[in-house]
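Each chain, written out:
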Amino acid sequence: MPVRKTVAFAIGVALCTGILGTGCAQEPHAPSAREPRTPSSDAPRPAPPHPAAPAAPVRLLPGLGPAMQGRVPATTTQALVVRGTTQDANRARAALYERDAGHGWRLVAGPWRAHNGLHGWTTDHWVGDLRTPVGVFGLSDSGGLLPDPGTRLPYDQDPLFRAEGTGHLGEPLEGSFDYVVAVDYNRVSGTTPLDETKPMGAARGGGVWIHVDHHGPTSACISLSEDHMRALLRALNPAREPVVVMGPNAELSK
């Protein structure tokens with residue numbers, strides 16, 4: 001039975017039982033001489049109050065289970081979700097979401113094609129495993145070889161972002177670091193992506209970035225096309241405390 005009908009029925013039963021003593025089925029009787037009618041007996045009774053409308057549902061980030069959803073900070077209102085199909089997949093999809101008060105999360109950009117680590121994903125990342133760490137990480141700093149495309153994040157333009165050599169499939173890496181966003185895995189937030197400080201130790205890896213795609217899998221980073229990197233940089237807003245939520249479907253759905 002719908003909530004409104006249930007509440008109305010319960011109120012009706014309570015009124016009938018309280019007024020007539022034996023329920024709604026009994027016929028009313030006229031007052032006798034020993035039962036004088038009081039002035040208030042014929043006064044109209046106030047209508048029962050309507051139940052409050054249920055609160056609008058809050059949309060969660062799609063595809064995230066309660067454990068992963070719970071790792072997104074309550075103050076975060078911008079999230080890039082990077083999703084792989086399997087634990088060993090090195091191709092993924094990335095989509096940017098924003099959360100508005102009272103309406104929940106909504107898609108604002110993407111989905112975009114992406115690459116991740118050559119050997120897929122891991123919840124226990126170590127140097128040289130060629131897997132991308134799974135989890136929720138802040139996006140606080142950016143930079144690149146090219147000038148700032150108009151981001152609100154701190155941006156460090158530096159010639160040290162020059163990429164050389166070839167990737168895992170023999171593809172040229174040139175231009176890969178034209179634009180980067182540092183992923184706050186084993187790094188100090190608030191520093192250039194070039195900073196090599198690793199709070200968990202060098203063996204746990206670091207230097208995990210979102211950068212320009214070189215048409216092949218990465219060592220641990222996430223890569224997007226150059227156009228999508230520019231779009232991401234322009235969209236990210238530090239006031240929204242942005243994060244990246246990344247991993248294969250099986251991990252994200254936990």
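1. A word on the side chain of Thr-151
Part 1 of the reasoning: With respect to the secondary-structure elements, Thr-151 resides in the loop between β7 (141-144) and β8 (155-157).
Part 2 of the reasoning: Owing to a relative accessible area of 10%, Thr-151 belongs among the buried residues under this scheme.
Part 3 of the reasoning: Polar contacts involving the side chain of Thr-151 include one to the main-chain carbonyl oxygen of Leu-233, which spans 2.7 Å.
Part 4 of the reasoning: Leaving out residues up to four positions away in the same chain, Thr-151 has contacts with Ser-142, Leu-233, Arg-234 and Leu-236.

2. Re the packing of aromatic side chains
Part 1 of the reasoning: Inspection of the entire model under this criterion finds 3 aromatic pairs.
Part 2 of the reasoning: By way of ring pairs, the aromatic residues Phe-161, Phe-177 and Trp-209 are connected into one cluster.
Part 3 of the reasoning: Stacked on the ring of Trp-126, the Lys or Arg Arg-204 has its end atom at 4.3 Å from the ring centre.

3. Concerning the pattern of salt bridges
Part 1 of the reasoning: Inspection of every chain in the model, using the stated rule, returns 11 salt bridges.
Part 2 of the reasoning: For Arg-204, the salt bridge identified is with Asp-124, shortest N-O distance 2.9 Å. Placement of Arg-204 in the loop between β9 (180-182) and β10 (209-212) and of Asp-124 in the loop between β4 (121-122) and β5 (132-133) is noted, with a sequence separation of 80 residues between them.
Part 3 of the reasoning: Across the pair Arg-187 and Asp-141 runs a salt bridge, and its minimum N-O distance is 3.0 Å. You can see Arg-187 sitting in the loop between β9 and β10 and its partner Asp-141 sitting in strand β7, a full 46 residues away along the chain.

4. Quick notes on the pairing of strand β12 (residues 243-248)
Part 1 of the reasoning: By the criterion of burial, β12 is predominantly enclosed, with 6 of the 6 residues buried.
Part 2 of the reasoning: Two elements, strand β1 (residues 78-84) and β12, share 6 bridges in a ladder whose sense is parallel. If you follow Leu-80 over to β12, its bridge partner there is Val-244.
Part 3 of the reasoning: Taken together, the 4 bridges between strand β6 (residues 135-138) and β12 define a ladder with antiparallel strand orientation. What sits directly across from Gly-135, in β12, is Met-246.

5. Some thoughts on unusual backbone geometry
Excluding glycine, most residues fall at negative phi; most peptide bonds, likewise, are trans.
Part 1 of the reasoning: Each neighbour pair has its own omega, and for Gly-110 with Pro-111 the value is 5°, a cis peptide bond.
Part 2 of the reasoning: Of note in this structure, Leu-130 is not a glycine but carries a positive phi near 60°.
Part 3 of the reasoning: As for its position among the elements, Leu-130 is in the loop between β4 and β5.
Part 4 of the reasoning: The backbone of Asn-186 sits at a positive phi, close to 50°, despite the residue not being glycine.
Part 5 of the reasoning: Looking at where Asn-186 falls in the secondary structure, it is placed in the loop between β9 and β10.
Part 6 of the reasoning: Residue classification places Asn-186 among the buried positions, given a relative accessible area of 7%.

Rules used in this analysis
- Residues numbered from 1 in each chain as written.
- Predicted model: local features only at pLDDT ≥ 70, side-chain atom pairs only at ≥ 80, totals over all residues.
- Heavy atoms only, no water.
- Helix = DSSP H or I, 4+ residues; strand = E, 2+ residues; numbered from the N terminus.
- Buried < 20%, exposed > 50% of the residue type's maximum accessible area, 1.4 Å probe, protein only.
- Polar contact = N/O pair within 3.5 Å; in protein donor to acceptor, adjacent residues only side chain to side chain.
- Contact = heavy atoms within 4.5 Å.
- Phe/Tyr/Trp six-rings, centres within 6.5 Å; stacked < 30°, edge-to-face > 60°.
- Lys NZ or Arg CZ within 6 Å of the ring centre and 35° of its normal.
- Salt bridge = Lys/Arg side-chain N within 4 Å of Asp/Glu carboxyl O.
- Pairing = 2+ DSSP bridges.

Purely geometric numbers; function is a separate question.
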